[in-house]
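Read off the chains here:
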Amino acid sequence: MTEKNSTCLEELNFKELGINWIGKIDGYSFSIEDKQDSENELIIYIDLTANAKSKLFEFLDECSEASEYGLDKDTLSIIYLEDSENDMSDFLKRLIAKLKEIDAKCVCKYCKQTDNLSFYVNNTTYALLCEKCGAELIEKFEADKKKKNNYARGLFASLLGALIGSTAWIIIGSLGYIASIAGFAISYCAFKGYEIAKGKFNRTGIVLNVVAIIIAFLFAQYAVLFIEFSKEFNTVNPLGFILITPILFSDADFMKALLPDIGLGLLFAFLGTYRMIINNFKSAKNAENLNIEKLDF
Ligand SMILES: [Zn+2]
């Protein structure tokens, strides 16, 4: 967006939210996405009759500033092309005059009613809502924040999921391969289990998932070791293997032979899981700071 247009929107009392500007002119609420080039996307949530729709499209066809437009249910999107001479105000003025002429009104995103609409904002996300839907949304978020969490149940479910996911690691590992996709399967199933058990999505919850993932990873590596061992010594059974484990692990030569495999396994597990963990951690942090505000213009 050009500086001229940013200034124009500031003068029109628009507010900047991340890459969007939101504001209200003459009862019409707009959001304008700054596409970082000469194109900007105007969004208006609007209720149109078939007749009003064709009149509006006729108008937009004649506007040289509108390079593209589309209507998806009640979301009207217009790609506004900037030029170096004029700012957006002229186009907005003409658009609003047309919306008034065809008696189009903005609508609440949830219930589609047209009175008392405001933007409700959380960080950089927003929704145009009526008073009732806005109050309900705020209430729901406040209730979610206060909800107690059962961490033990969450950890158990996450561990169960991670162990199910670890079968992929064991199968691939017993064939002599290591794949980061198997690490991904462990973490995916861990988070899925946690979600099914309705574990609270906060940072503590993510740490519990990481603990479950590490336990499942160690279990899977151990199981692969047993399978490899039993290939060489047919007589060994799981219990026998568990009993000789301390002796094996205290053998320096055995550990030396094992370390490259463990290191490689860790690397692949890390590659398969870290992005999901970091993304979930970030979303959890945002969710904890969730605060919905009503913006009045
Ligand atoms: Zn509503």
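Residues numbered from 1 in each chain as written. Predicted model: local features only at pLDDT ≥ 70, side-chain atom pairs only at ≥ 80, totals over all residues.

What follows is about helix α9 (residues 252–288). Taking 1.5 Å of rise per residue, 37 residues should cover 54 Å, yet α9 covers just 47 Å from first to last C-alpha, more than 12% shy of that figure. In the structure, α9 departs most strongly from a straight axis at threonine 273, where the bend amounts to approximately 40°. Of the positions making up α9, those classed as buried are Gly265, Phe268, Ala269, Gly272 and Thr273. If you follow the buried residues of α9, they end up packed against α6 (180–196) and α7 (203–232). (Helix = DSSP H or I, 4+ residues; strand = E, 2+ residues; numbered from the N terminus. Expected span 1.5 Å × (residues − 1). Bend = angle between axes of the 7 residues up to and from the residue. Buried ≥ 20, exposed ≤ 12 C-beta atoms within 10 Å, placed from the backbone. Contact = placed C-beta atoms within 7 Å.)

What follows deals with the pairing of strand β6 (residues 75–81). Only one face of β6 is covered, namely the face carrying Leu76, Ile78 and Tyr80; the face carrying Thr75, Ser77, Ile79 and Leu81 is uncovered. Judged from the 7 bridges that link them, strand β4 (residues 39–47) and β6 form a sheet pairing that is antiparallel. By the bridge assignment for β6, glutamate 41 is matched with isoleucine 79. Both strand β5 (residues 66–72) and β6 contribute to a ladder of 6 bridges, which runs antiparallel. (Pairing = 2+ DSSP bridges.)

This brings us to the domain arrangement of the protein chain. One frequent convention defines the size of an interface as the accessible area lost when the parts assemble. One can read the domain layout of the protein chain as domain 1 (3–144) and domain 2 (148–288). Between domain 1 and domain 2, the C-alpha centre-to-centre distance is 48 Å. (Domains from an automatic or database assignment.)

Now for the pairing of strand β8 (residues 117–122). The pairing of β8 with strand β9 (residues 125–130) spans 6 bridges and is antiparallel. Its bridge partner being in β9, asparagine 122 is matched across the sheet by threonine 125. Note that β8 and strand β10 (residues 293–295) share 3 bridges and pair antiparallel. For tyrosine 120, the partnering residue across the bridge sits in β10 and is lysine 294.

Sheet strands pair via backbone hydrogen bonds, and the direction of the pair is either parallel or antiparallel. Ordered by their spatial adjacency, 3 strands build an open sheet running β9-β8-β10, and the pairing between neighbours is antiparallel. In this open sheet, the two strands that pair with only one neighbour each are β9 and β10. Adjacent strand axes in the sheet meet at a mean angle of 35°, parallel and antiparallel pairs treated alike. Strands in contact with helix α4 (residues 131–146) are β8, β9 and β10; relative to β9, the strand with the most contacts, it is inclined by about 130°. (Axes fitted to C-alpha atoms, helices over the stretch in contact; angles between N-to-C directions.)

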